[in-house]
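Survey of secondary and tertiary structure
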Amino acid sequence: MRPQAFLARVQERGEYPTRQEADRAARVVLGLLGAHVVGAERAELAARLPETYALILLNPLQAVEPLDAERFVRASAAWIEGATEATARWDVGAVLSVAADAAGPDLLRRLLLQLPPGYDLLFGRLAPT
């Protein structure tokens, strides 16, 4: 996926007025996500993202421990200037739903197996029953 297309989708889903806001959210969310997914799945997702964002995913922000979905949102709010928990949830959803589209259903399923419960909703998907 080309960087312009990725950012355009994030901007549209997040209803951001500028590409810069979409870029800021994408960098933080993918940086945090990269600290929570590992191995072949992280590398495979990175291969499906534009290079700039792939590098962010592969060189993540440091996480002391795995974060559940709610704490992931709070951590995103802490990293995004001026964000609240509510706006961070929106940012996370915009970025991760575009990442989920890029990943496709099989890779997304494998990624979700690495993450605590609740991340399926952050990716804009429902957990399989």
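Throughout what follows, the structure given in this document is the object of discussion. Bear in mind that the values here come from a model prediction, so they are computed numbers and not experimental data. (Residues numbered from 1 in each chain as written. Predicted model: local features only at pLDDT ≥ 70, side-chain atom pairs only at ≥ 80, totals over all residues. Heavy atoms only, no water.)

1. Quick notes on the environment of A94
Here is the rule we go by: Where helices and strands are cited, they refer to DSSP runs of H or I of at least four residues and of E of at least two residues respectively, numbered from the N terminus. For this analysis, residues touch if any pair of their heavy atoms sits within 4.5 Å.
Tracing the backbone through its elements, the reader meets A94 in helix α6 (residues 85-114). Between the C-alpha atom of A94 and that of R9, which follows or precedes it by 85 residues, the distance is 8.3 Å. The contacts of A94, once residues within four sequence positions are left out, are V10, R13, G14 and Y16.

2. Section: unusual backbone geometry
Rule in force here: Burial here depends on accessible area, computed with a 1.4 Å probe over protein chains only, as a share of the maximum for the residue type. Under 20% is buried, over 50% is exposed, and the range in between is partly exposed.
The phi dihedral of E15 falls on the positive side, at around 55°, and the residue is not glycine. Inspection of the secondary structure assignment puts E15 in the loop between α1 (3-14) and α2 (19-34). On the accessibility criterion, E15 (63% relative accessible area) is exposed.

3. Details of the environment of V95
The topology assignment puts V95 in helix α6. Between the C-alpha atoms of V95 and Q11, which are 84 residues apart in sequence, the distance is 8.8 Å. Beyond its immediate sequence surroundings of up to four residues, V95 is in contact with V10, A25, A26, V29 and L30.

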